[in-house]
Amino acid sequence: MSEPTLFPPDFLWGAATSAYQIEGSPLADGAGPSIWHEFSHTPGRTRDGDTGDVACDHYRRYPDDVALLRELGLNAYRFSVAWGRVLPEGRGRINPAGLGFYERLVDAVLERGIQPMVTLYHWDLPAALDRFGGWVNPDSAAWFADYAQVLFRALGDRVKLWVTLNEPWVVVDGGYLHGVLAPGQRNPFAAPLAAHNLLRAHGSAVQAYRAEGQHQIGLVVNLEPKYPATETVEDLSATMRADAYWNRHYLDPVFLGGYPPELAEIFGQAWPDFPDSDFDVIRQPLDFVGVNYYSRQVVRHDPKDWPLAAARVRQPRQTHTGLEWEVYPQGLTDILEWVAGRYGPLPLYVTENGAAFYDPPHAEGEIDDPLRRRYLRDHLRAALEARRKGVDLRGYFAWSLLDNFEWAHGYSQRFGLVHVDYVTQRRTPKASARFYAGVARSRGAALNADRAL
Ligand code: FCB
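First things first, this report covers the structure right here in the doc. Bear in mind that the values here come from a model prediction, so they are computed numbers and not experimental data.

Turning to the overall build of the protein chain, a few remarks are in order. Counting its regular elements, the protein chain contains 16 helices and 13 strands. For the protein chain, whose C-alpha radius of gyration is 21 Å, the value lies close to the compact-globule estimate of 22 Å for 453 residues. If one aligns the C-alpha atoms of the protein chain with their principal axes, the spans along those axes are about 55 × 55 × 50 Å. Looking at the protein chain as a whole, 62% of its 453 residues qualify as buried. Taking as baseline every contact in the protein chain between residues at least 6 positions apart, the subset at least 24 positions apart corresponds to 76%. When the accessible surface of the protein chain is summed, it comes to about 17,200 Å², and 51% of that surface belongs to carbon and sulfur atoms. Here the protein chain contributes 46 positively and 56 negatively charged side chains, and the mean placements of these two sets differ by 4 Å.

As a matter of local geometry, the ligand sits amid Q21, H122, W123, N166, E167, Y294, E352, W399, E406, W407 and F415. One nitrogen or oxygen atom from the side chain of N166 is found 3.0 Å from an oxygen atom belonging to the ligand. In this structure, an oxygen atom belonging to the ligand sits 2.9 Å away from a side-chain N or O atom of W407. Taken together, the residues of the shell around the ligand sort by class into five nonpolar, three polar and three charged.

Now for the nonpolar core. Within the largest apolar cluster, 137 residues are counted, with the highest numbers of intra-cluster contacts made by W36, W83, Y102, W135, F144 and W162. Among the elements that take part in this core, helix α9 (residues 190-212) stands out by supplying eleven residues, more than any other. Not counting residues up to four positions away in its chain, the partners in contact with W162 are V118, L120, L151, F152, L155, G156, Y209, Q216, I217, G218 and F288. Core analysis: the next-biggest nonpolar cluster, separate from the first, contains 19 residues, L12, A76, Y294 and F397 among them.

What follows deals with the side chain of N95. For N95, the position within the fold is in the loop between α4 (83-86) and α5 (96-111). The class for N95 is buried, based on a relative accessible area of 8%. Other than its neighbours up to four places away in sequence, N95 contacts D29, G30, A31, R85, V86 and P88.

A few words now on the packing of helix α14 (residues 370-388) against helix α15 (residues 431-441). Here α14 crosses α15 at 25°, and the two axes come no closer than 9 Å. In this view, α14 runs roughly parallel relative to α15, as classed from their interaxial angle. In terms of crossing hand, the pair formed by α14 and α15 is right-handed. Residue-level inspection shows R372, R373, L376, R377 and L380 of α14 in contact with α15, the latter providing S432, F435, Y436 and V439. When its residues are assigned to classes, the contact of α14 with α15 shows five nonpolar, one polar and three charged.

Attention now moves to the packing of aromatic side chains. Tallied over the entire structure, the rule returns 44 aromatic pairs. Ring centres of F7 and W13 lie 4.9 Å apart, and the angle between their planes is 80°; this geometry places the pair in the edge-to-face category. Judged on exposure class, the residue F7 and its partner W13 are both buried. Seen in terms of ring centroids, W36 and F405 are 6.0 Å apart; in terms of plane orientation they differ by 80°. Their pairing is edge-to-face. With W36 in helix α2 (residues 35-40) and F405 in the loop between β11 (393-399) and β12 (418-420), this pair connects stretches of sequence that are 369 residues apart.

The eight strands lie next to each other as β1-β2-β3-β4-β5-β7-β10-β11, forming a closed barrel whose pairing is parallel. Strand after strand, the sheet turns through a mean of 25° between neighbouring axes, direction not considered. Judged from the four bridges that link them, strand β7 (residues 288-293) and strand β10 (residues 348-352) form a sheet pairing that is parallel. Note that in β10 the partner of V291 across the bridge is V350. Strand contacts of helix α8 (residues 168-177): β3 (115-121), β4 (161-166) and β5 (216-223), with the helix running at about 45° to β5, the strand carrying the most contacts.

To continue, consider the packing of helix α10 (residues 233-256) against helix α13 (residues 330-343). One way to put it is that α10 packs onto α13 with a least axis distance of 11 Å and a crossing angle of 35°. Every pair of crossing elements has a handedness; the one defined by α10 and α13 is right-handed. Of the residues in α13, those in contact with D243, N247, R248, L251, D252, F255 and L256 of α10 are I335, W338, R342 and Y343. Of the residues contributing to the contact of α10 with α13, the split by class is six nonpolar, one polar and four charged.

Mapped onto the secondary structure, N222 falls in strand β5. A relative accessible area of 7% means that N222 is categorised as buried. Not counting chain neighbours up to four residues away, the residues in contact with N222 comprise E167, W169, V170, W246, N247 and N292.

Take the sheet that holds strand β6 (residues 226-228) next. Read from one edge to the other, the open sheet built from three strands follows the order β6-β8-β9, with strand pairing classed as mixed. For this open sheet the edge positions go to β6 and β9 (310-312), each flanked by a neighbour on one side alone. Each strand of the sheet is rotated relative to its neighbour by a mean of 45°, with strand direction disregarded. Relative to strand β8 (residues 297-301), β6 runs parallel, the two being bridged by three bridges. Pairing of K226 across the sheet is with Q297, part of β8. Where α10 meets the sheet, its contacts fall on β6, β8 and β9, and the angle it forms with β8 comes to roughly 125°.

Rules used in this analysis
Residues numbered from 1 in each chain as written. Predicted model: local features only at pLDDT ≥ 70, side-chain atom pairs only at ≥ 80, totals over all residues. Heavy atoms only, no water. Helix = DSSP H or I, 4+ residues; strand = E, 2+ residues; numbered from the N terminus. Rg over C-alpha atoms; globule rule 2.2 N^0.38 Å. Buried < 20%, exposed > 50% of the residue type's maximum accessible area, 1.4 Å probe, protein only. Contact = heavy atoms within 4.5 Å. Areas by Shrake-Rupley, 256 points an atom, 1.4 Å probe, with all protein chains shown as cover. Lys, Arg positive; Asp, Glu negative; His and termini not counted. Charge placed at Lys NZ, Arg CZ, Asp CG, Glu CD. Near = heavy atom within 4 Å. Polar contact = N/O pair within 3.5 Å; in protein donor to acceptor, adjacent residues only side chain to side chain. Nonpolar A, V, L, I, M, F, W, Y, C, P; charged D, E, K, R; others polar. Core = buried A, V, L, I, M, F, W, Y, C linked by side-chain atoms within 4.5 Å. Axes fitted to C-alpha atoms, helices over the stretch in contact; angles between N-to-C directions. Parallel < 35°, antiparallel > 145°, perpendicular 65-115°, else oblique. Left-handed = near helix turned anticlockwise from the far one by under 90°. Phe/Tyr/Trp six-rings, centres within 6.5 Å; stacked < 30°, edge-to-face > 60°. Pairing = 2+ DSSP bridges.

Now the structure itself:
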């Protein structure tokens, strides 16, 4: 039996990335453009017009990056596949060169004794499919399942942990409701349909995996616990709406077979009637759930907030990250317990957790990032606390291995354990990377020892 103060010997210690954020060379070797390629090349969509054209040049430098994972002593790596590299038109013709890249990457990861966790969709829909409506088109579920099957067949012998979708909430909220992420729609009628089709796509891919896959498949959601600003009826019901929209919108259909009732109220006329039979597809048994956790929300009723009428109350005395996200480690324990209680018991992973902070100018070879280090320390303690409370947490993936293209924020926000100089592409592990490596090596003992901050 493992000591209760430590993580177990088979715990996964990983770092996460996604294709468009790090790879660069988005059109190389016959790849088809993604909606993120088009979006970032549209004037005014990203900060300073930044694009993923070069990013971290991981497409060409992946052996170095895999070596870096090893050097940090990590035993797991979560990355995503760019759909358009494998199927340039999104469906039909396979591009062997694109598939070959992921075969080489998986082999390199395995050769270093690292366990790959492969995400099939991290927001980069082939642009060719967006021409047909993207996720609003009901056929998108079948497009995705067909694409997933290509990957299962090519890599299924080597990859033991699969993720269908990364954060469907963000895909819908940013991409179809508020228009701040690709494909940039701002349409309350499109949003519930896109959400529903993403869930059907998830379920269809799980069905395809069960037909021939031997290992594990799950879903990754971004969760943010909601706490009422006051105990008034207005604030309590605003908190319920925010919780339904963020946290239950995707997990309720997957585990309980239906949508939270608040969603019809939130979307009003834009909320359709969904056929019951769709939930048979959506509600597939999963091997695990991945939770991406960054922050919490303290909620108050606010009729001006569209469409939730539930606004965020800024917490004045708390630390905030570069993106103005409140640092609240307790929320990680709370949300893991909540998932296990409402939908479990089931195996969980923290599939993303991390912070953007401004890294001060530094001498060559050393970058001290005490705020990120403290963020990791406190959240890893919170993860350990969830385990003590009985949550079946099996791994933790820091976001992110490398500084990278932070979507609409471009390169202005650095989340990496490893600093990237975008001019020279030089990688320099930050103090937080060394700290995290020490925590992994000691199975958490270094968390107790760390009193420096
Ligand atoms: C998550 C995304 C990831 C990254 C982090 C900061 O929502 O999954 O790609 O952008 O936020």
